[in-house]
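Observations on chain architecture
So the chains spell out like this:
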Amino acid sequence: MAGGGLTRNRKQTPMNVPLLDLKRQYQTIKDEINEAIAEVVESQGFRLGPKVAAFEGEIAGYSGAKRAVGVASGTDAILLALMAVGVGRDDEVITTPYTFFATAGAVARVGAVPVFVDIDPKTYNIDPSKIEAAITEKTKAIMPVHLYGQCADMDLIMEVANRRGIAVVEDAAQAVGAEYKGRRAGSFGQAGCFSFFPSKNLGGYGDGGMIATDSDELADLLVSLREHGQTEAYHHWTIGTNSRLDALQAAVLSVKLRHLDAWSDGRSANADYYGSRFEGTPVTAPWREEWSRHIYNQYIIRVQNRDALLAHLREEGIGCAIYYPMPLHLQECFRTLGYAEGDMPEAEKAARETLSIPVFSLLTNEEMAHVADTILEFVGGA
Ligand SMILES: *Cc1c(COP(=O)(O)O)cnc(C)c1O
């Protein structure tokens, strides 16, 4: 009868939890941000200038590098860093197949060949013990990626690179402020590359990137490469590209950098909460190395029935995503490199079993509990 509808299978109002909610972040820094943007607009100085120079100095200081050069994106940071360290046609660059496409895409764009080395299944970063076997006389650089915000094992990587006379370019796009044995991501190799894509931990209001380096020579070269290889206007000694960091982005990012450590601490506290909920359940929480300051650009869980869990969480309104569903050695554009399924078993397994769940610092306790409850009910670990 009519009244039955009130009690029949009445589900509670679903609680939607976004994977990332940058509107919440903006609400907390709105005045500072709007003021910084207004200053640039009032000045009508959009190309390089004081905001970019200031932010370059701030990132150099924050990362523990001598210099930093702002460019148009994280992808360009990697591309220009590779060019600056002299990677070119037919050179080989050793890297991980389990990363965002730009890592290997940039290698191919400079005419070099990405050589993939499988990952450590615990950290998802390149397995340093497998690097040396991949070195040939063509190897010009090693590019570790500090995936999800945790540094790769840099002592082992720098040891083999230095011993064999090979450059190291760090893809630190997900790792601004991450630490390895007290030292910051981006300060280990010849160059460290950052991305300020909006969803990164330090995200702009558009694209942006930066290269950190201890070498003045390399920094000067990058300054030239980002403006078509000029040192003096309209005089081009080499061929670069147009890849500057916008003054507007630098203004936004300088404001956000002041809050970054608090946001990173918030992510870390949220990760600790999930870690305590997932302990002893079928959900594998991220492994944090003892020496690591992990900044949790992503909080990645590993489960056997990943695709079913993903579908369930989406149905429940919980934001989640797969980073990354297909390792790079199996991408169509790299077919000519000759890799086959089974060549990088750990990367392939991670691509099947991992899932990113909400971890941003402004999640409420209620939201986190709901995310953990929903996952554990589904996998049978509640
Ligand atoms: C985001 C990202 C990049 C590329 O940065 P963009 O700013 O998007 O060009 C490169 N490598 C990794 C690992 C990334 O996560």
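One numbering rule holds for all chains: residues counted from 1, following each sequence as written. The predicted nature of this model means local features are confined to residues of pLDDT at least 70 and side-chain atom pairs, given and counted, to a pLDDT of 80 or more, with totals for whole chains, interfaces and linings taken over all residues. No hydrogens and no water enter the side-chain calculation; it runs on all heavy atoms of the structure.

1. Thoughts on the side chain of H294
Structurally, the position occupied by H294 is in the loop between β12 (292-293) and β13 (299-302). For the purposes of these results, a polar contact is taken to be a pair of N or O atoms within 3.5 Å, where, inside protein, one atom must be able to donate a hydrogen and its partner to accept one; residues adjacent in sequence count only when each atom of the pair is a side-chain atom. Polar contacts involving the side chain of H294 include one to the main-chain amide nitrogen of Y296, which spans 3.0 Å. Should any heavy atoms of two residues lie within 4.5 Å, those residues are considered in contact. When near neighbours in sequence (up to four residues on either side) are disregarded, H294 contacts Y148, G149, Q150, W287 and R288. Put simply, DSSP H or I for four residues or longer makes a helix, DSSP E for two residues or longer makes a strand, and each gets a number counted from the N terminus.

2. A closer look at the domain arrangement of the protein chain
Here the limits of each domain have been adopted from an automatic or database domain assignment. Splitting the protein chain by domain gives domain 1 (28-257) and domain 2 (259-379). The straight-line distance from the C-alpha centre of domain 1 to that of domain 2 is 24 Å. Taken together, the contact between domain 1 and domain 2 spans 48 residues of the former and 35 residues of the latter. Values labelled buried area give the accessible surface lost by two parts on being combined, using a 1.4 Å probe and summing over both. Between domain 1 and domain 2, the buried area comes to about 3,600 Å², and carbon and sulfur atoms account for 60% of it. At the surface where domain 1 touches domain 2, the tally comes to 27 residue pairs in polar contact (both at pLDDT 80 or more). For the side of domain 1 that touches domain 2, the elements supplying multiple residues, two or more each, are α1 (22-43), α4 (102-109), β3 (113-116), β6 (179-180) and α7 (247-278).

3. Quick notes on the site of the ligand
Here, proximity means that at least one heavy atom of the residue falls within 4 Å of the molecule or strand. With respect to spatial proximity, 16 residues lie near the ligand, and among them G74, T75, D171, S195 and K200 are the closest. Within the side chain of Q174, one N or O atom sits 2.8 Å away from an oxygen atom of the ligand. When the ligand is considered free in solution it has 380 Å² of accessible area, and contact with the protein chains removes 93% of it. Per-element accounting of the shell around the ligand gives the leading share, 3 residues, to helix α3 (residues 74-84). We get accessible surface area from the Shrake-Rupley algorithm with a probe of 1.4 Å; when it comes to residues, only the shown protein chains can shield them.

4. Here we look at the nonpolar core
Ranked by internal contacts, the top residues of the largest apolar core, which has 53 residues, are F55, I59, I94, I142 and L202. The greatest single-element share of this core, amounting to 9 residues, is contributed by α7. Both domains that furnish three or more residues to this core are identified here as domain 1 (28-257) and domain 2 (259-379). Excluding anything up to four places from it in sequence, I94 contacts V115, V117, I126, I131, A134, I135, T139, A141, I142 and M143. Residues belong to a common nonpolar core when they are buried Ala, Val, Leu, Ile, Met, Phe, Trp, Tyr or Cys residues joined through side-chain atoms within 4.5 Å. Think of it in three bands: with a 1.4 Å probe and only protein chains considered, a residue is buried below 20% of the maximum accessible area for its type, exposed above 50%, and partly exposed in between.

5. Quick word on the packing of aromatic side chains
Only Phe, Tyr and Trp rings are paired, with Trp represented by its six-membered ring, and only when their centres lie within 6.5 Å; those with planes under 30 degrees apart are stacked, over 60 edge-to-face, the remainder tilted. On inspection of all chains with the given rule, the structure shows 17 aromatic pairs. Between F100 and Y324, the aromatic rings sit 6.4 Å apart at their centres with planes inclined by 40 degrees, giving tilted as the arrangement. Taken together, the residues F100 in the loop between β2 (92-95) and α4 and Y324 in the loop between α8 (306-315) and α9 (345-353) connect sequence positions 224 residues apart. For F100, a relative accessible area of 47% translates into the label partly exposed. Take Y324: its relative accessible area is 13%, and that puts it in the buried class. Between Y124 and Y148, the aromatic rings sit 5.6 Å apart at their centres with planes inclined by 75 degrees, giving edge-to-face as the arrangement. Note that Y124 is positioned in the loop between β3 and β4 (139-143) and Y148 in the loop between β4 and α5 (154-164), a separation of 24 residues in sequence.

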